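# Coordinate inspection notes
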Amino acid sequence: MEHKEVNSWLVFKRLLGYVKEFKLGLVAAIIAMIGYAVVDTAFIYSIKPLMDKGLTGQSPEILTFMPIFVILIIAARGVVAFVSSYCMSWVGTHVVMKLQRELFSHLIALPISFFDKTNTGDLLSKITYDANQVTSASTKALIKIFRDGATIIALVGLMFIQSWQLSLVFFLVAPIVGIAISVVSKRFRKISKNLQDAMGSVTTASEQMLKGHKEVLMFGGQKVENEKFNQVSNSVRSQNMKMASAQAISTPVVQTLASFALAFILFLATKPSIINDLTPGTFIVIISSMMALMKPLKVITEVVGDIQRGIAASVSLFKVLDTTSALDSGTKVIKRAKGDIELKNIVFTYPTTEKPALNNISFKVKAGETFALVGRSGSGKSTIANLLTRFYDIDSGVITIDGVNIQEYTLASLRDQVAIVSQSVHLFNDTIANNIAYASDGKFTREDIIKVSETANAMEFIKQFPNGLDTVIGENGALLSGGQRQRLAIARALLRDAPILILDEATSALDSESERHIQAALDILQKDRTSIVIAHRLSTIEHADQILVIDDGSVVERGTHAELIEKKAIYHSLSKIQASGEL
């Protein structure tokens with residue numbers, strides 16, 4: 001239990017580190033909140049001269065001044081309340097923005113293996129819901145702690161000045177209130193953690209339905225998806241109700257404890273030894289202070305919920321932020337590689353599996369050669385492409401480009417040498433031009449984009465759109481066909497002009513007419529480049545300089561098309577099967 005409390009403090013301390021950057025706003029807010037407590041206490045204290053001197057006729061001018069004093073004190077209260085709330089909101093929104101930006105930047109830098117094991121919906125929930133929950137800890141909680149904490153201190157101080165004997169009762173009740181808040185705190189922490197998980201499930205269920213909307217409609221899965229969402233949304237409702245009930249119970253418990261103290265003071269006030277030393281004004285100030293303490297005590301109790309929600313959200317965010325980014329320890333920067341590639345005794349296992357995806361793979365590709373990888377689905381062909389770009393790091397062995405271990409290159413420099421065209425092209429919800437020149441920082445002209453679009457046989461369909469290259473193509477290119485998306489990917493690769501090209505089954509999902517267009521564009525793209533072609537259709541790799549047949553993560557055959565046909569083994573069998581299927 002103690003370990004959890006320490007962890008909570010460490011998390012809150014780390015979160016306050018984000019607040020420090022905006023300390024001017026924080027200091028202004030704290031000063032205003034202390035001013036709020038002083039104003040409230042001054043208002044209660046004003047009852048004493050009103051009762052003892054104003055109403056008794058000793059100082060009638062007090063009655064004249066009192067209406068002006070009330071207007072001034074309420075106006076001052078309004079000003080300091082506005083300043084404190086505005087400044088803390090300013091701090092809070094900046095903290096959330098900083099956290100969201102840091103989280104987004106960190107996610108971009110994480111290795112592919114992280115996303116293999118993590119649900120996208122959970123990550124979206126962290127960026128949106130969890131980051132905003134932190135506002136409760138960094139703003140609302142701090143407002144309540146400083147403003148209402150200062151009010152409690154000021155009111156207790158006022159009570160002691162008026163009658164320290166009666167005020168001692170407060171310290172008899174304070175430890176009991178503290179214990180009650182501690183118990184409530186643990187309950188809030190548990191509920192807050194469950195609420196984070198439930199919100200992640202809502203995001204995941206929504207995302208899966210939206211991404212798979214066509215499949216849902218096609219298979220009549222509306223009922224299934226509705227039931228899934230009903231379950232997760234009910235889980236969120238249930239956790240919210242637990243949170244609400246914990247808050248609803250905690251407040252009257254604390255106020256009831258405080259009322260015992262108030263009742264005890266009223267009882268003591270009847271004793272002659274005490275009442276003889278009290279003026280009516282002093283007694284009413286003490287009673288008013290005790291009554292006024294009810295609200296800040298309630299608020300301080302509620303702040304536990306805000307802090308625990310913020311801490312639960314912070315733990316969730318910090319867990320991702322503490323995940324190790326993709327290892328980028330290389331220092332060599334290469335402007336343009338020749339294109340010599342070699343894999344020596346490569347062994348690689350995906351983080352989510354135990355069996356190696358590649359087992360002792362070795363081959364060489366000379367600059368400018370076309371090298372083909374053939375095999376069944378799941379044999380390990382695409383894995384090789386992922387290793388060349390260091391989306392994953394190998395278990396053992398060495399991969400070199402131009403004789404240098406790829407781990408010695410910086411990641412940015414290494415990936416600048418490679419262009420990939422795969423069967424699953426990802427396009428952004430942006431214009432065609434921006435998709436082709438993605439992340440190029442404006443170094444290409446409009447003419448450059450038009451030129452590569454024409455070379456990739458893409459301009460013929462781009463011209464058909466009213467806005468041409470400025471057409472926004474929707475999420476993942478929703479407005480385009482498979483062949484059109486593929487041609488944009490080739491145009492993007494042409495514009496990148498990398499010396500190494502990876503074609504990952506780039507034509508496998510296309511019809512014959514689209515394949516002819518794509519193949520013609522690919523032939524141009526492959527000129528003067530080292531090309532690694534991961535092929536499904538053997539007809540597309542007949543002219544490759546070398547072909548590797550991979551099965552179950554191992555090399556089973558290698559040679560040219562003619563040599564492998566002559567061997568009459570696996571490649572020959574695949575060729576015959578495809579030829580008979582195509583007839």
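Here the structure is a predicted model, which is why all the values come from computation and not from measurement.

This part is about the overall build of the protein chain. A tally of regular secondary structure across the protein chain gives 20 helices and ten strands. When burial is assessed residue by residue, the protein chain has 48% of its 583 residues classed as buried. Carbon and sulfur atoms provide 60% of the accessible area of the protein chain, an area that totals close to 29,900 Å².

Attention shifts here to the nonpolar core. Within the largest apolar cluster, 44 residues are counted, with the highest numbers of intra-cluster contacts made by Ile436, Leu488, Ile490, Leu525 and Ile541. Counting residues per element, this core draws most heavily on helix α17 (residues 482-496), which supplies seven residues. Leaving out residues up to four positions away in the same chain, Leu488 has contacts with Leu427, Ile432, Ile436, Ala458, Phe461, Ile462, Ile473 and Leu480. In this structure, Phe12, Tyr18, Val91 and Phe114 belong to the second largest nonpolar core, which totals 35 residues.

This part covers the sheet that holds strand β4 (residues 396-401). Spatial ordering of the open sheet is given by β2-β1-β4-β5, a layout of four strands whose pairing is antiparallel. Sheet topology places β2 (358-365) and β5 (404-405) at the edges, where each strand pairs with a single neighbour. Pairing analysis gives five bridges linking strand β1 (residues 341-348) to β4, with the strands arranged antiparallel. By the bridge assignment, Glu342 is partnered in β4 with Thr400.

The predicted model of the protein chain averages 81 in pLDDT, with 86% of residues at 70 or higher. Looking over the protein chain, one finds the lowest element-wise mean pLDDT in helix α10 (residues 272-275), namely 63, and the highest in β4, namely 94. Taken together, the stretch residues 1-6 has pLDDT below 50 and engages in two contacts with residues farther than four places along the chain or on a different chain.

In this section: the pattern of salt bridges. Should the charged atoms of two oppositely charged side chains come close, the side chains can pair. Throughout the structure, instances matching the rule amount to 13 salt bridges. Note that Glu225 and Lys228 form a salt bridge whose closest N and O atoms lie 3.6 Å from each other. A residue pair is termed a helical-turn pair when its members lie 3 or 4 positions apart in one helix, as Glu225 and Lys228 do in helix α9 (residues 222-269) at three residues. Each of Arg336, Asp497 and Arg529 takes part in salt bridges that share partners, so that together they form one network.

To continue, consider α17. Given 3.6 residues to a turn, an α-helix orients residues that are three or four positions apart in the same direction. Relative to the 21 Å expected for 15 residues at 1.5 Å per residue, α17 spans 21 Å between its end C-alpha atoms, a close match to the ideal helical length. The buried count for α17 comes to twelve of 15 residues, which makes it a mostly enclosed element. Turning to α17, its buried residues number three or more, namely Gly483, Gln484, Arg485, Gln486, Arg487, Leu488, Ala489, Ile490, Ala491, Ala493, Leu494 and Leu495.

Before going further, it helps to examine the packing of aromatic side chains. Taken as a whole, this structure holds nine aromatic pairs when the rule is applied. Taken together, the ring pairs connect Phe348, Tyr350 and Tyr392 into an aromatic cluster. Over the ring of Phe318 we find Arg14, and its NZ or CZ is 4.0 Å from the ring centre.

For strand β6 (residues 418-422), the tally of buried residues reaches four of five residues, placing the bulk of the element in the interior. Strand direction decides the pairing type here: β6 and strand β7 (residues 500-504), joined by five bridges, are parallel. Opposite Val421, over in β7, you have Leu503 as the bridge partner.

A few words on the packing of helix α15 (residues 446-455) against α17. Axis separation between α15 and α17 bottoms out at 8 Å; the angle between their running directions is 125 degrees. Between α15 and α17, the interaxial angle falls into the category oblique. The two elements α15 and α17 cross, and the hand of that crossing is right-handed. Where α15 abuts α17, its residues Asp448, Ile449, Val452, Ser453 and Thr455 lie against Ala491, Leu494 and Leu495. Of the residues assigned to the contact of α15 with α17, the class counts are five nonpolar, two polar and one charged.

Thresholds applied
- Throughout this description, residue numbers start from 1 for each chain and increase along the sequence as written.
- The model is predicted, so local features are restricted to residues of pLDDT at least 70 and side-chain atom pairs to those at 80 or more, both for listing and for counting; the totals for chains, interfaces and linings are taken over all residues.
- To get the side-chain values, all heavy atoms of the structure are used, and hydrogens and water are removed first.
- Strands are runs of DSSP state E lasting at least 2 residues, helices are runs of H or I lasting at least 4, and numbering of each runs from the N terminus.
- Each residue gets one of three labels from its accessible area relative to the maximum for its type: buried under 20%, exposed over 50%, partly exposed in between, using a 1.4 Å probe on protein chains only.
- Each accessible area is a Shrake-Rupley result for a 1.4 Å probe, and residues are judged covered by the shown protein chains and nothing else.
- What we call a nonpolar core is a set of buried Ala, Val, Leu, Ile, Met, Phe, Trp, Tyr and Cys residues that are connected through their side-chain atoms within 4.5 Å.
- Two residues qualify as a contact provided that any one of their heavy atoms is within 4.5 Å of a heavy atom in the partner residue.
- Strand pairing requires that DSSP identify at least two bridges connecting the strands.
- On a range of 0 to 100, pLDDT expresses the predictor's confidence in each residue.
- Each reported salt bridge corresponds to a side-chain nitrogen of Lys or Arg within 4 Å of a carboxyl oxygen of Asp or Glu.
- Here, expected helix span is obtained from the residue count minus one, scaled by 1.5 Å.
- Any pair of Phe, Tyr and Trp rings, taking the six-membered ring for Trp, is counted once the centres come within 6.5 Å. Such a pair is stacked with planes under 30 degrees apart, edge-to-face with planes over 60 apart, and tilted for the rest.
- Working rule: Lys NZ or Arg CZ, within 6 Å of ring centre, within 35 degrees of ring normal, means a charge sits over the ring.
- All axes here are fitted lines through C-alpha atoms, helices being fitted over the stretch that makes contact, and every angle between N-to-C directions spans 0 to 180 degrees.
- Roughly parallel covers angles under 35 degrees, roughly antiparallel covers those over 145, roughly perpendicular covers 65 to 115, and oblique covers all other angles.
- Whether a crossing is left-handed or right-handed is set by the direction in which the near helix is turned from the far one by less than a right angle, anticlockwise for left-handed and clockwise for right-handed.
- When residues are sorted by character, Ala, Val, Leu, Ile, Met, Phe, Trp, Tyr, Cys and Pro go into the nonpolar class, Asp, Glu, Lys and Arg into the charged class, and all the rest, Gly among them, into the polar class.

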